[in-house]
2 protein chains.
Amino acid sequence: MTSILVSDPTLRDGNHAVAHQLTEAQIAAYCRAADAAGIPVVEVGHGNGLAASSLQLGLARVSDADMIRVARANLQRSRLGVFVIAGFGTIKRDLGPAIDLGAEVVRVGSHCTEADTTLRHLTYARERGCAAYGNLMMSHMAEPETLREEARKMADAGAQGVVLMDSAGALLPDEVRRRIDVMVQGLDIAVGFHAHNNLGMAVANSVAALEVGATIVDGTARGFGAGAGNTQLEVLVGVLHKLGYETGIDLYKVLELSDLAEEQILETVPVVRSGSIVSGMAGVVSTFAKPAARISRQFGVDARDLFFELGRRKVVAGQEDIIIEVAKELAAKAAEEVAA
Amino acid sequence: MTSILVSDPTLRDGNHAVAHQLTEAQIAAYCRAADAAGIPVVEVGHGNGLAASSLQLGLARVSDADMIRVARANLQRSRLGVFVIAGFGTIKRDLGPAIDLGAEVVRVGSHCTEADTTLRHLTYARERGCAAYGNLMMSHMAEPETLREEARKMADAGAQGVVLMDSAGALLPDEVRRRIDVMVQGLDIAVGFHAHNNLGMAVANSVAALEVGATIVDGTARGFGAGAGNTQLEVLVGVLHKLGYETGIDLYKVLELSDLAEEQILETVPVVRSGSIVSGMAGVVSTFAKPAARISRQFGVDARDLFFELGRRKVVAGQEDIIIEVAKELAAKAAEEVAA
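Worth saying up front: this structure is predicted, and the values here are computed from it rather than measured. (Residues numbered from 1 in each chain as written. Chains lettered and ligands numbered in written order. Predicted model: local features only at pLDDT ≥ 70, side-chain atom pairs only at ≥ 80, totals over all residues. Heavy atoms only, no water.)

## A closer look at the UniProt feature "binding site: Mn(2+)" (unreviewed entry) in chain A
Residues and elements named next belong to chain A. Put simply, the rule reads: UniProt positions are given in the numbering used here, feature names are shortened, and annotations may be inferred rather than shown by experiment. Runs of H or I in DSSP of at least four residues are treated as helices and runs of E of at least two as strands, each being numbered from the N terminus. Burial status follows relative accessibility: with a 1.4 Å probe on protein chains alone, a residue under 20% of its type maximum counts as buried, one over 50% as exposed, and anything between as partly exposed. A contact between two residues is defined here by any heavy atoms of the two lying within 4.5 Å.
UniProt records the feature "binding site: Mn(2+)" (unreviewed entry) at D13, H194 and H196, using the numbering of this structure. Across 184 residues of sequence, these annotated residues stay compact in space, with a maximum C-alpha separation of 10.7 Å. Structurally, D13 can be placed in the loop between β1 (5–11) and α1 (24–37). In this structure, H196 sits in the loop between β7 (190–194) and α7 (202–211). According to the relative accessible area criterion, H196 is buried, its value standing at 13%. Those residues in contact with H196 that sit more than four places away from it in its chain are D13, D166, S167, G169, A202, G229 and N230.

As structure tokens, then:
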């Protein structure tokens, strides 16, 4: 039986779904139940990771330090994980103190072609004795060979594993297999996959990744996460057990963990709605959804046309300013067509 | 581009999720929007098909005849489908009148090893000029070769296609591929797949079926159906278009159809909850959930243990009486273990 590392970012990626308002009591309750279920890694934090709490990205209710402290106090068997994007979290001010407070697993993320920005953080985390992993975000935007080369940089910097993030929920199982296969063949470190459910494929994509050699998969209780949500943790564990993978997780207790999450943490259970489907098909991350809806009304263009056009222009998070420009162009084009 | 027949049982399988209380106004609104979106087949009826409205299975709010009349009046391009299980619906009293009222597509269902019961209905539907399909239910319980032989009987009786129903949402993509492949190789008629989402695999399983030669897939708006729900129609259409299949369905309009369904028809959007996962893993259809929960409390046994044991005994819908017997045995076994 192949042994799989299931990592649970419910208390980090899920924070996106509640505008980063998770409370200390929620974090404590979830950690205790996750620990009892034998979840190997529990990640906690602002949705965008360490030091991301801000007016622009959303102010978290609880500080990074307090989230880590509460999680630390309520985990015994499970390892405590944090996520950091180098542009937001610095080594001295943020990552160092997080490790001082007890973070044991450090995920360092970047856009899938910008692994360079993660290297110092990865080396530092490793030197401090943490398990260090690189997260390549928006991985549908790069070819397998590019992802492998970016991952190699992370490995050389000390990463023990690299996780492909399907941030826009854009990939289908064959596209996952193709990417993971090239990475597994070309790297000596562990390879993982983190799915979003925009096209209803989160569980299937995670299994597809394992079939070609990935050994790390991420899941959140009831899929807790923005928009269509993440891979549903308890479904994933059930399917992995049915397929004969070893996860170390107690099936009944992970079901109870997800029941607890639904009762005490989730405002609503993620649903794949029409906007999420368009987001996944266009390959545009869901942070564009709200401004795109507003701007499409303002310029009298179809929000779905706008999303597909943004996808053709390969936008990534942080480039929301471009929406107005694209909407103007679509409106002008429509006016021309009417005139012609 | 391969052309796929997408069939939409939202107004039939979805009726399970609202205790068969769909109204004429809901049926009319959905049919108009489905017709506009170019959905090839719209199935309507009691969740268990023609003549199933009863105290035991649930009384429908609207009669079979009125559901068909309303759908007929609101469909132009889409064909109107009905479902019938031979044990409930007879040819003279039920199927004949349904065809008189305008049903054009007839699905005749049986347990996956009991195709014999469907043959007269299939022949009759074909003679009346309908498109006739056989539905093999609980198809996870039979081996591919058995399913192929059962399907062959249906073909010989006049069925133009056979649809495998994963009634308990128990199958994973490889298990679907294995079944569909053997059927496609061994039959001269169309093969289809109807999924439930208990293990989060409904869309992936549907695509897996198409990859090995199926040409019919079923989906319902927002997955409308009992428990974990069905394949989510609008996600399926998005994925099929991304993969290059031809469905004849307008993407934006099927997204609007699902929005309308959520607003006007669904009480709640299906969610994969813990009970659904156990149901899928055990291979026991969700109609057992409510009585099993009640009886497990009564006998002080774990409802999940009860479900897995029912799965080992290969129970099918209609055998709910066995639950008490199994619960008693589990309770006695637990008492013995305590005593030992």
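## What to know about the interface of chain B and chain A
To be explicit about the condition: We define buried area as the total accessible area lost by two parts upon association, computed with a 1.4 Å probe and summed across both. Any carboxyl oxygen of Asp or Glu that lies within 4 Å of a side-chain nitrogen of Lys or Arg is treated as forming a salt bridge with it. All residues other than Ala, Val, Leu, Ile, Met, Phe, Trp, Tyr, Cys, Pro, Asp, Glu, Lys and Arg, Gly among them, are scored as polar; the first ten of these are nonpolar and the last four charged.
Facing the 40 residues of chain B at the interface are 40 residues of chain A. Around 3100 Å² of area is buried between chain B and chain A when both sides are counted, 63% of it from carbon and sulfur atoms. When the buried area of chain B at its contact with chain A is split by residue, K242, Y252 and R304 of chain B rank highest and sum to 20% of it. Inspection of the chain B/chain A interface yields 6 salt bridges. With a closest N to O distance of 2.8 Å, E256 of chain B and R304 of chain A form a salt bridge. Secondary-structure elements contributing two or more residues to the side of chain B that touches chain A are α6 (173–186), α7 (202–211), α8 (233–242), α9 (251–264), α10 (274–282) and α12 (303–312) of chain B. With 7 residues, α9 of chain B is the single largest residue contributor to the side of chain B that touches chain A. Among the residues forming the side of chain B that touches chain A, the class breakdown is 20 nonpolar, 6 polar and 14 charged.

## Quick notes on α9 of chain B
Short version of the rule: In this analysis, the expected span of each helix is defined as 1.5 Å times one less than the number of residues it contains.
Between the first and last C-alpha of α9 of chain B there are 20 Å, a value that for 14 residues agrees with the 20 Å anticipated at 1.5 Å per step. Turning to α9 of chain B, its buried residues are L251, Y252, V254, L255, L257, S258, L260, A261 and E262 of chain B. Those residues of α9 of chain B hidden inside the fold are in contact with α10 (274–282) and α12 (303–312) of chain A together with β1 (5–11), α1 (24–37) and α8 of chain B.

## Side note on the packing of helix α9 (residues 251–264) of chain A against α12 of chain B
Heads up, the condition is: Every axis corresponds to a line fitted to the C-alpha atoms, with the helix fit spanning only the stretch in contact, and the corresponding angles, defined between N-to-C directions, vary from 0 to 180 degrees. Relative orientations are named as follows: roughly parallel for angles under 35 degrees, roughly antiparallel for angles over 145 degrees, roughly perpendicular for angles from 65 to 115 degrees, and oblique for any other angle. Handedness of a helix crossing follows the sense of rotation of the near helix relative to the far helix, less than a right angle counterclockwise being left-handed and clockwise being right-handed.
Between α9 of chain A and α12 of chain B, whose axes approach to 11 Å, the crossing angle comes to 125 degrees. By the angle between their axes, α9 of chain A is oblique relative to α12 of chain B. Like other packed secondary-structure pairs, α9 of chain A and α12 of chain B cross with a definite hand, here right-handed. Two secondary-structure elements touch here, α9 of chain A through L251, Y252, L255 and E256 of chain A and α12 of chain B through R304, D305 and F308 of chain B. Residue classes in the contact of α9 of chain A with α12 of chain B are distributed as 4 nonpolar, no polar and 3 charged.

## Description of the relation of the copies chain B and chain A
Applied cut-off: The superposition of copies rests on a least-squares fit of C-alpha positions from residues with pLDDT of 70 or more in both.
Between chain B and chain A, which share one sequence, the superposing operator has a rotation angle of 180 degrees and an axial displacement of 0.0 Å; the RMSD is 0.0 Å. On this basis, the relationship between the two copies can be described by a two-fold rotation axis. Taking C-alpha positions as reference, the residue of chain B nearest the rotation axis is A204 of chain B, located at 3.1 Å.

## Observations concerning the UniProt feature "domain: DmpG-like communication" (unreviewed entry) in chain A
Sequence positions flagged by UniProt for "domain: DmpG-like communication" (unreviewed entry) are, in local numbering, residues 271–331 of chain A. Along residues 271–331 of chain A, the helical share is 66% and the strand share 0%, with 31 Å between the first and last C-alpha atoms.

## Observations concerning the packing of aromatic side chains
Filter applied, for reference: Aromatic pairs are defined between Phe, Tyr and Trp rings, using the six-membered ring for Trp, whenever the two ring centres lie within 6.5 Å; interplanar angles under 30 degrees are classed as stacked, those over 60 as edge-to-face, and all others as tilted. For a lysine, the NZ atom is tested; for an arginine, the CZ atom; a charge sits over a ring if that atom is within 6 Å of the ring centre and within 35 degrees of the ring normal.
Taken as a whole and judged by the stated rule, the model has 2 aromatic pairs over all chains. Between F308 of chain A and Y252 of chain B, the aromatic rings sit 6.5 Å apart at their centres with planes inclined by 15 degrees, giving stacked as the arrangement. Separated into two different chains, F308 of chain A in helix α12 and Y252 of chain B in helix α9 make up a pair that spans both. Each of the two residues, F308 of chain A as well as Y252 of chain B, counts as buried. Here the basic side chain of R12 of chain A rests over the ring of F83 of chain A, its NZ or CZ set 4.3 Å away from the ring centre.

## Details of the pairing of strand β6 (residues 161–165) of chain A
All names here are of chain A. Inclusion rule: Paired strands, as defined in this entry, are two strands with at least two bridges between them according to DSSP. A crossover counts as right-handed when, viewed with the strands pointing away from the observer, the path leading from the first strand over the helix to the second turns clockwise.
Burial within β6 is extensive, with 5 of its 5 residues counted as buried. Side-chain alternation along β6 places G161, V163 and M165 on one buried face and V162 and L164 on a second face that is also buried. Here strand β5 (residues 131–137) runs beside β6; their pairing, made up of 4 bridges, is parallel. Among the inter-strand pairings, N135 is bridged to a residue of β6, identified as V163. Each parallel crossover has a hand, and the one from β5 via helix α5 (residues 144–156) to β6 is right-handed. Sheet analysis places β6 next to β7, joined by 5 bridges and oriented parallel. Considered in β7, the bridge of M165 is made with H194. Considered for its hand, the β-α-β crossover made up of β6, helix α6 (residues 173–186) and β7 is right-handed.

## Overview of the pattern of salt bridges
Side chains that carry opposite charge are capable of pairing whenever their charged atoms lie near each other. Residues and elements named next belong to chain A. On inspection of all chains with the given rule, the structure shows 48 salt bridges over all chains. The partner of E262 in a salt bridge is R222, with the nearest N and O atoms 2.6 Å apart. Here the residue E262 occupies a position in helix α9, and R222 occupies one in the loop between β8 (216–218) and α8 (233–242), the gap between them amounting to 40 residues. Given the relative accessible area of 3%, R222 is considered buried.

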